[in-house]
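# Architecture and fold: a report
Okay, here's what each chain looks like letter by letter:
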Amino acid sequence: MEALEYQVIGKVVGAHGICGELKVFPLTSWPDRYLSLESCYIDGPSGIEEFPVEDSRLHGKKFVLLKLAGLDDRTAAEGFKGRMVHIPKSERMEVEEGTYYLDDMIGCRVFDDNDKELGTVVDFNEYGGAGLLVVKLKKGKKIDIPFVDQYVAQVTVDEQKIVLTGMWQGLLRMEEAR
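First, a word on what this report is: a plain description of the structure on this page. (Residues numbered from 1 in each chain as written. Predicted model: local features only at pLDDT ≥ 70, side-chain atom pairs only at ≥ 80, totals over all residues. Heavy atoms only, no water.)

### Some details on the overall build of the chain
If you tally the helices and strands in the chain, you get three helices and twelve strands. Its C-alpha atoms give the chain a radius of gyration of 20 Å, clearly above 16 Å, the size a compact globule of 178 residues would have. Taken along its principal axes, the extent of the C-alpha atoms in the chain is 60 × 40 × 30 Å. The proportion of buried residues among the 178 residues of the chain is 37%. Taking as baseline every contact in the chain between residues at least 6 positions apart, the subset at least 24 positions apart corresponds to 49%. Accessible surface, the chain as shown: approximately 10900 Å² in total, 48% of it carbon and sulfur. Computed over 22 positive and 31 negative side-chain charges, the inter-centroid distance for the chain is 8 Å. (Helix = DSSP H or I, 4+ residues; strand = E, 2+ residues; numbered from the N terminus. Rg over C-alpha atoms; globule rule 2.2 N^0.38 Å. Buried < 20%, exposed > 50% of the residue type's maximum accessible area, 1.4 Å probe, protein only. Contact = heavy atoms within 4.5 Å. Areas by Shrake-Rupley, 256 points an atom, 1.4 Å probe, with all protein chains shown as cover. Lys, Arg positive; Asp, Glu negative; His and termini not counted. Charge placed at Lys NZ, Arg CZ, Asp CG, Glu CD.)

See below:
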């Protein structure tokens, strides 16, 4: 059997009520997706474990309440605080063309506009504006590249390849001047 790859869709922030409901902060652009979950996967001491979902509902504007089978009291639910909620990647929502799951870009090889390999995406940061690709250059240095059309010409997630425009070199010169 093939091992599943998972997508994080939320973080358990606490228990709700006395019947074992989990209060989850959704880490997805589609919090309504929780309403149709039949099961979810939650990380724990011995790895990621599957739990059937008995009920789910939106709670206020920022949270989701999950009732998992076999989790029937507040004390048990409190033990899940801080754990991540996952789904199989095969169940992710479809994204529009030109939109990407951030974790799919981690590990992508990065090339300049002359098809010379520069390095690899090792992280992605968001500071309120455009996201930043954190690229570890072949020489070992890390550089932040804004994830905007001015710097990123092409993304081909299936090939794990990102091509930059010629503008990225200005960022490297600024970084080296520090």
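### As for the nonpolar core
When a protein is soluble and globular, its nonpolar side chains tend to lie buried together. Leu 22, Leu 66, Leu 68 and Val 85 are the most contacted members of the largest nonpolar core, which totals 19 residues. Going through the elements one at a time, β1 (6-16), β2 (21-26), β3 (39-44), β4 (47-59), β5 (63-68) and β6 (84-88) are the ones with two or more residues in this core. Those residues in contact with Leu 22 that sit more than four places away from it in its chain are Val 12, Gly 14, Ile 42, Val 64, Leu 65, Leu 66, Leu 68, Leu 71, Ala 77 and Phe 80. Counting 18 residues, the second-largest nonpolar core is a separate cluster that includes Phe 124, Leu 133, Ile 145 and Ile 162. (Core = buried A, V, L, I, M, F, W, Y, C linked by side-chain atoms within 4.5 Å.)

### Examining the packing of aromatic side chains
This structure, assessed with the given rule, holds five aromatic pairs. Both rings, one in Tyr 100 and one in Phe 147, keep their centres 6.1 Å apart while their planes meet at 80°; by these two values the pair is edge-to-face. A residue pair is termed long-range when its members are at least 10 positions apart, and Tyr 100 in the loop between β6 and α2 (102-105) and Phe 147 in the loop between β10 (142-146) and β11 (152-156) qualify at 47 residues. Overall, the relative accessible area of 24% leaves Phe 147 in the partly exposed class. Among the aromatic residues, ring-to-ring pairing joins Tyr 100, Phe 124 and Phe 147 into one connected group. Positioned above the aromatic ring of Phe 80 is the side chain of Arg 83, whose terminal nitrogen or guanidinium carbon lies 4.5 Å from the ring centre. (Phe/Tyr/Trp six-rings, centres within 6.5 Å; stacked < 30°, edge-to-face > 60°. Lys NZ or Arg CZ within 6 Å of the ring centre and 35° of its normal.)

### As for the environment of Leu 137
By secondary structure assignment, the location of Leu 137 is in strand β9 (residues 132-137). We classify Leu 137 as buried; its relative accessible area is 13%. In this structure, the C-alpha to C-alpha distance between Leu 137 and Lys 89, residues 48 residues apart in sequence, is 28 Å.

### Quick notes on the sheet that holds strand β8 (residues 117-125)
Across the sheet, six strands lie side by side as β10-β9-β8-β7-β12-β11; this open sheet has mixed pairing. Either end of the sheet is taken by a strand with one partner, and the two such strands are β10 and β11. With strand direction ignored, the average angle separating the axes of adjacent strands in the sheet is 35°. As paired elements, strand β7 (residues 109-111) and β8 share three bridges and run antiparallel to each other. Across the sheet, residue Phe 111 finds its bridge partner in β8, namely Glu 117. (Pairing = 2+ DSSP bridges. Axes fitted to C-alpha atoms, helices over the stretch in contact; angles between N-to-C directions.)

### Some points on the pattern of salt bridges
Summed over all chains, the structure comprises nine salt bridges. In this structure, the salt-bridge partner of Lys 67 is Asp 72, at a minimum N-O distance of 2.9 Å. As a salt-bridge pair, Glu 78 and Arg 74 come within 3.0 Å of each other at their nearest N and O atoms. Of this pair, Glu 78 and Arg 74 both sit in helix α1 (residues 74-78), separated by four residues, roughly a single helical turn. (Salt bridge = Lys/Arg side-chain N within 4 Å of Asp/Glu carboxyl O.)

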